[in-house]
Amino acid sequence: MRMFGHRLSLPALLGLVIIAANLLAAVFAPLIAPFDQASVVGDAWGDASAQFPLGLDNLGRDLFSRLIYGARMSIGLALVITCLSFTLGIVTGFAAAVLRGWVDTVLSRLVDLLLSMPTLILAFIILSVLGTDLPVLVVTIAVLDAPKVFRLSRALAMNIAALEYVEVARVRGEGLWWIIRREILPNAMAPLIAEFGLRFSFAFLFIAALSFLGLGVQPPAADWGSMVRDYRDMINLDAAAPLYPAGAIALLTIGVNFVVDWMLAIHARGHGEGA
Amino acid sequence: MLRLIAQRLGLGALTLLAASVLIFAGTEILPGDLASAILQNNATPESLAEMRRELGLDRPAPVRYVEWLGHVATGDLGRSLASQRPVAREIAPRLRNTLFLAGYAAVVAVPVALALGLMAAIWQGGVYDRAINFVTLLTIAIPEYLVGYILIKYLSVRLGWLPSLANVTPDTPLATRFVLTLLPALTLVLVVIAHMMRMTRASVLQIMASPYIEMAFLKGLPKWRVVVRHAFPNALAPIINVIALDLAYLIVGVVVVEAVFVYPGLGQLLVDAVSKHDVPVVQACGLIFAAAFILLNMTADVLAIMSNPRLRHPR
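Residues numbered from 1 in each chain as written. Chains lettered and ligands numbered in written order. Predicted model: local features only at pLDDT ≥ 70, side-chain atom pairs only at ≥ 80, totals over all residues. Heavy atoms only, no water.

1. A look at the interface of chain B and chain A
Working step 1: Between chain B and chain A, the contact holds 44 residues from the first and 40 residues from the second.
Working step 2: Carbon and sulfur atoms make up 81% of the area that chain B and chain A hide from each other, which totals about 3,700 Å².
Working step 3: The largest per-residue losses of area from chain B upon contact with chain A belong to L22, Y145 and Y149 of chain B, which jointly make up 18% of the total buried on that side.
Working step 4: Across the contact surface, chain B and chain A share zero residue pairs in polar contact (both at pLDDT 80 or more).
Working step 5: Put simply, the parts of the chain that give the side of chain B that touches chain A at least two residues each are α1 (2-26), α6 (127-139), α7 (144-158), α11 (223-261), α12 (266-275) and α13 (279-307) of chain B.
Working step 6: For the side of chain B that touches chain A, the element with the highest residue contribution is α7 of chain B, accounting for eight residues.
Working step 7: Of the residues that constitute the side of chain B that touches chain A, the class distribution is 34 nonpolar, eight polar and two charged. (Contact = heavy atoms within 4.5 Å. Buried area = accessible area lost by both parts, 1.4 Å probe. Polar contact = N/O pair within 3.5 Å; in protein donor to acceptor, adjacent residues only side chain to side chain. Helix = DSSP H or I, 4+ residues; strand = E, 2+ residues; numbered from the N terminus. Nonpolar A, V, L, I, M, F, W, Y, C, P; charged D, E, K, R; others polar.)

See below:
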């Protein structure tokens, strides 16, 4: 099987299958899940059976169904965050590279400052004042993650902006937005797609960690991270309940990493070699 | 070289100062200040104004920042809003616990990661190398809590070898402390070791491509000797950088691991404080974490300069 004109490696194929399965579960959750995520269908911590493949949870809800619905929240949130941080990072990064001068200096120093501190700690400080509503979470994580996209897109755009065809466009009198959108973006696409995968797994793990700490998605809504939190006491009774959502988080991250690894490898190798 | 190191130290101090501005501004500039956060739904305009006066929020932010920094510099971290106790007294025992856990993990992880990485470089392309490469690629993506809960499920619940809760108190004897914190430390080790080991292998292999290594082989030296004596010292600078980065990651990872094992460390205090809107505690903890992070990165730069003569004379 081939993608972008390159043969897929075995891990990459595996990664794509994992990603596709997760996306399907998220999109078609109501069709796949045997029960509603909120409906109580039996006793708390009921055993696994043919009807309830993973057993019941702390309130007697079907764990398997909740896992499928959890995919929606986890993946959806991470996607929204990544798209936002990408837009922010790419626009500022490209603008800094094209405009140079004080715009570049101010943005670059600001990014250096943000990157000199652990992201989790910065997020804590903001969340301690603003609370943990979903929009706050999304914007906070996106803004804190944007500096990494800024760094990459600025470096990419610096190289591209020095090329003749961008110079021609500038001399022709094209505006900043046109140059970014029509000249730079298409030529920076390949590394940016790989970066999108990396940033997605970062946002996905980050929101899951926040939820696990009780500072992310708040009940009654539930993502995989908060499910791990809800079920964690069961581990001492030798139940596997918290391992299912935690495993789901790990599985998707591994899948994305496999694909990103393969994409970075083909870029490193350059084009033309169809290995 | 001394001048270069002094420069790095100065830069580190400057970064720390900038970080303190960021921490302070993070709780200031945002809409909705401390007073409305504390009062939440019970806020009337009068009670808000009263609360603001009580907390000193009616004065301009730069003035309060300088005041806050002055207090922090003299060791006065303010009072916790939740418990009304001095923040410094809340933090001290927990900071000790966190440093103990992170140090414990680091002391185990660094030598093991270096050894595994060197072994992978020596037997490059062999079964061991490929196996460990695949395993680390898997573990690198696994969140701390999954590792932690798997360890609890098998090592502590099934086999009963180790306690699942790391509930240490100030008067727990040191030996017991090592046993109680073994699982959390092991979790941290497993989380950071993969990245450290991969980077060690990659740095050494990059050096292995240079001509002087070929010369060493042509001299008839055995491979392990070429790797350990010729390639490793030159790969040290990037490796030190990666180790510092991973140890900095350890500081953050510790927050999650403490939550898994209910360990009374700084991370737990910070998470608690965030959910209670206890801003003085959040600021103090944030500052400590940031300082540790910046300090590690600075140490890495200084060590890299000292280990590699070429870095001492930048063009």
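So that's the structure; there's more coming.
2. Thoughts on helix α5 (residues 87-122) of chain B
Since the α-helix turns once every 3.6 residues, residues separated by three or four places project in the same direction.
Working step 1: Relative to the 52 Å expected for 36 residues at 1.5 Å per residue, α5 of chain B spans 51 Å between its end C-alpha atoms, a close match to the ideal helical length.
Working step 2: Its axis deflected by about 25° at P93 of chain B, α5 of chain B carries its strongest bend there. (Expected span 1.5 Å × (residues − 1). Bend = angle between axes of the 7 residues up to and from the residue.)

3. Observations regarding the environment of L156 of chain A
Residue and element names in this part refer to chain A.
Working step 1: One can find L156 in helix α6 (residues 134-161).
Working step 2: For the pair L156 and A209, spaced 53 residues apart in the sequence, the C-alpha separation amounts to 31 Å.
Working step 3: Ignoring any residue separated from it by four or fewer positions in sequence, one finds L156 in contact with A188, P191 and L192.

4. With respect to the pattern of salt bridges
Residues and elements named next belong to chain A.
Working step 1: Summed over the entire model, instances satisfying the criterion amount to eleven salt bridges over all chains.
Working step 2: Where D112 meets R109, a salt bridge forms, and the shortest distance between an N and an O atom there is 3.1 Å. Of this pair, D112 and R109 both sit in helix α4 (residues 101-115), three residues apart, which is roughly one turn of the helix.
Working step 3: One salt bridge in this structure joins R151 and D112, with 2.5 Å as the shortest N-O distance. (Salt bridge = Lys/Arg side-chain N within 4 Å of Asp/Glu carboxyl O.)

5. Describing the nonpolar core
Working step 1: Core analysis: the biggest nonpolar cluster contains 135 residues, and F124, L210 and F212 of chain A together with Y145, Y149 and V204 of chain B have the highest contact counts within it.
Working step 2: Tallying contributions element by element places α11 of chain B first for this core, with 18 residues.
Working step 3: Those residues within four positions of V204 of chain B in sequence are excluded, and the remaining contacts are L118, A121, V227, A231, F232, A235 and I239 of chain B.
Working step 4: Counting residues in each nonpolar core, the second largest holds 16 residues, with M158, I179, I180 and I184 of chain A among its members. (Core = buried A, V, L, I, M, F, W, Y, C linked by side-chain atoms within 4.5 Å. Buried < 20%, exposed > 50% of the residue type's maximum accessible area, 1.4 Å probe, protein only.)

6. Let's talk about α7 of chain B
All names here are of chain B.
Working step 1: In a regular helix each residue adds 1.5 Å, so 15 residues correspond to 21 Å; α7 covers 20 Å between its end C-alpha atoms and thus fits that length.
Working step 2: Within α7, the axis deviates most sharply at I152, by approximately 30°.
Working step 3: Listed in full, the buried residues belonging to α7 are E144, Y145, L146, V147, G148, Y149, L151, I152, K153, L155 and S156.
Working step 4: The positive-phi residue at the C-terminal boundary of α7 is G160, with phi of around 65°.

7. Observations regarding unusual backbone geometry
Working step 1: The phi angle at R100 of chain A is positive, at roughly 50°, despite the residue not being glycine.
Working step 2: One can find R100 of chain A in the loop between α3 (63-99) and α4.
Working step 3: On the accessibility criterion, R100 of chain A (40% relative accessible area) is partly exposed.
Working step 4: One non-glycine residue, V262 of chain B, lies in the positive phi region at around 45°.
Working step 5: Take V262 of chain B: it is sitting in the loop between α11 and α12.
Working step 6: Judged by relative accessible area, which is 45%, V262 of chain B ranks as partly exposed.

8. A closer look at the side chain of S226 of chain A
Residue and element names in this part refer to chain A.
Working step 1: Mapped onto the secondary structure, S226 falls in helix α10 (residues 224-231).
Working step 2: Here D223 takes part through its side chain, which lies 2.8 Å from a polar atom of the side chain of S226.
Working step 3: In this structure S226 touches S211, F212, V217 and A221, once residues within four positions along its chain are discounted.

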